[in-house]
Amino acid sequence: MKDLSLHILDIVQNSIRARAKLIQIEIIELPELDQLIISITDDGTGMSKEEVDRAIDPFYTSRTTRKVGLGLSLFKQNAELSGGSFKLESEVGKGTKVTAVFGLEHLDRPIMGDLTGTILLLITDPQNQTDYVFKHQTPNGTFELSTRQIRQTLENVPVSHPEVRLFLKEMIQENLEQIQISE
Amino acid sequence: MNKIKSLADLKKLQTEVQSKIKLREKGDIPESLVQIKVSMATCGIASGAKETMNFFIDELDHQGIDALVTQTGCMGYCYAEPTIELTLPGKEPIVYGFVNKTKAQEIIEKHIKLNELVDGIIPVNYSSIDN
């Protein structure tokens, strides 16, 4: 993975596959503690304790199309390489929470990358039935986005409509600039 | 400084778009649209599936082709990522491998518009990809 936004896109795919109804993506920047915390919480099927233990094993996957599952292990590796930590919590029937802490100023921390593009891709998928809550917090402020609110506002206009897509893109971009997110 | 866009502005846009939106609702009848599924698992994302998907969305919209571009999981062709599954209305799905922007452009110009097959098809004998 080239950057953190791709990691987020990747980890969220796990939640979608676990048939989550609501996925919460939270990014918190704490310059005082030199931490960048990314957490992804879903209300999907969840995993048993054995599965949680095996999930970060790159040679374990629930898929049948291939024999490896690298998403979580790569995320964990990158977090730990930047002096951070990684945690995976899950309960069957309740959902899963993935938390990765990165060293904010650490040289080995991957860049944030195209976060706007990732959020946009997730929330404007025409066949997407999942709701998202996105939250990005920096010392300069917090940006929160809820697809439930967006859907309510749009009524029967689809989120994948080109004009809506363009609007949302600008809205996300401007808000992220406003709170001056780290690169 | 410009005012930052908010949900109130989205409401304004909604009213605007509503009045000119076509009666035919996308997604209700996906069979009548060009459907593109972009493989979006770890392997696909690492190989640039996000750029490919954005390119398809922007280019098809730009050219005014009604299409349904969605994400799907890994099809097991990790060596050939980014992969896409293209279904033209009333046709069998076709899987393409190594779809970068150049390839995507070629697929739009030849396959989608002229219905000519393009190099890079992965021969498959599956029925459908759900995961």
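Just above sits the structure.
This section reports on the structure supplied with the text. (Residues numbered from 1 in each chain as written. Chains lettered and ligands numbered in written order. Predicted model: local features only at pLDDT ≥ 70, side-chain atom pairs only at ≥ 80, totals over all residues.)

1. What to know about the overall build of chain B
- Looking only at helices and strands, chain B has four helices and five strands in total.
- Reading the helices (α) and strands (β) of chain B from amino to carboxyl end gives α-β-α-α-β-β-β-α-β.
- The contacts in chain B between residues at least 6 apart in sequence include a share of 66% that link residues at least 24 apart. (Helix = DSSP H or I, 4+ residues; strand = E, 2+ residues; numbered from the N terminus. Contact = placed C-beta atoms within 7 Å.)

2. Comments concerning the interface of chain A and chain B
- Taken together, the contacts link 34 residues of chain A with 30 residues of chain B.
- Looking at the side of chain A that touches chain B, the elements that each hand over two or more residues are α1 (4–17), α4 (115–123), α5 (147–154) and α6 (162–178) of chain A.
- Tallied by class, the residues present in the side of chain A that touches chain B amount to 14 nonpolar, 11 polar and nine charged. (Nonpolar A, V, L, I, M, F, W, Y, C, P; charged D, E, K, R; others polar.)

3. Regarding the sheet that holds strand β2 (residues 67–72) of chain B
Residues and elements named next belong to chain B.
- Taken in spatial order, the five strands make up an open sheet running β2-β1-β3-β4-β5, and their pairing is mixed. Of all the strands in the sheet, the pair left with one neighbour each is β2 and β5 (121–122).
- With four bridges connecting them, strand β1 (residues 34–39) and strand β3 (residues 84–87) associate as antiparallel partners. Residue pairing across strands places I36 opposite L86, the latter belonging to β3. (Pairing = 2+ DSSP bridges.)

4. Things to note about helix α3 (residues 71–81) of chain A
- Taken residue by residue, α3(A) has G71(A), L72(A), F75(A), K76(A), N78(A) and A79(A) as its buried positions. Relative to the axis of α3(A), the buried residues are bounded by an arc of 165° and lie together on one face.
- Those residues of α3(A) that are buried lie in contact with α1, α2 (49–55), β3 (85–91) and β4 (95–103) of chain A together with α2 (42–47) of chain B.
- Where α3(A) ends, the next residue or the one after it, G83(A), has phi of about 80°, a positive value. (Buried ≥ 20, exposed ≤ 12 C-beta atoms within 10 Å, placed from the backbone. Arc of directions from axis to C-beta.)

5. Some points on the sheet that holds strand β6 (residues 141–146) of chain A
Residue and element names in this part refer to chain A.
- Read from one edge to the other, the open sheet built from six strands follows the order β3-β4-β2-β1-β5-β6, with strand pairing classed as mixed. The sheet is open, and its two edges are formed by β3 and β6, each paired on a single side. Neighbour-to-neighbour, the strand axes of the sheet open up by a mean angle of 5°, direction not taken into account.
- Both strand β2 (residues 35–42) and β4 contribute to a ladder of eight bridges, which runs antiparallel. Bridging across to β4, S39 finds its partner in T99.
- Most of the contacts of α1 go to β2, to which it runs at about 20°, and overall it touches β1 (22–30), β2 and β4.
- Strands in contact with α3 are β3 and β4; relative to β3, the strand with the most contacts, it is inclined by about 145°. (Axes fitted to C-alpha atoms, helices over the stretch in contact; angles between N-to-C directions.)

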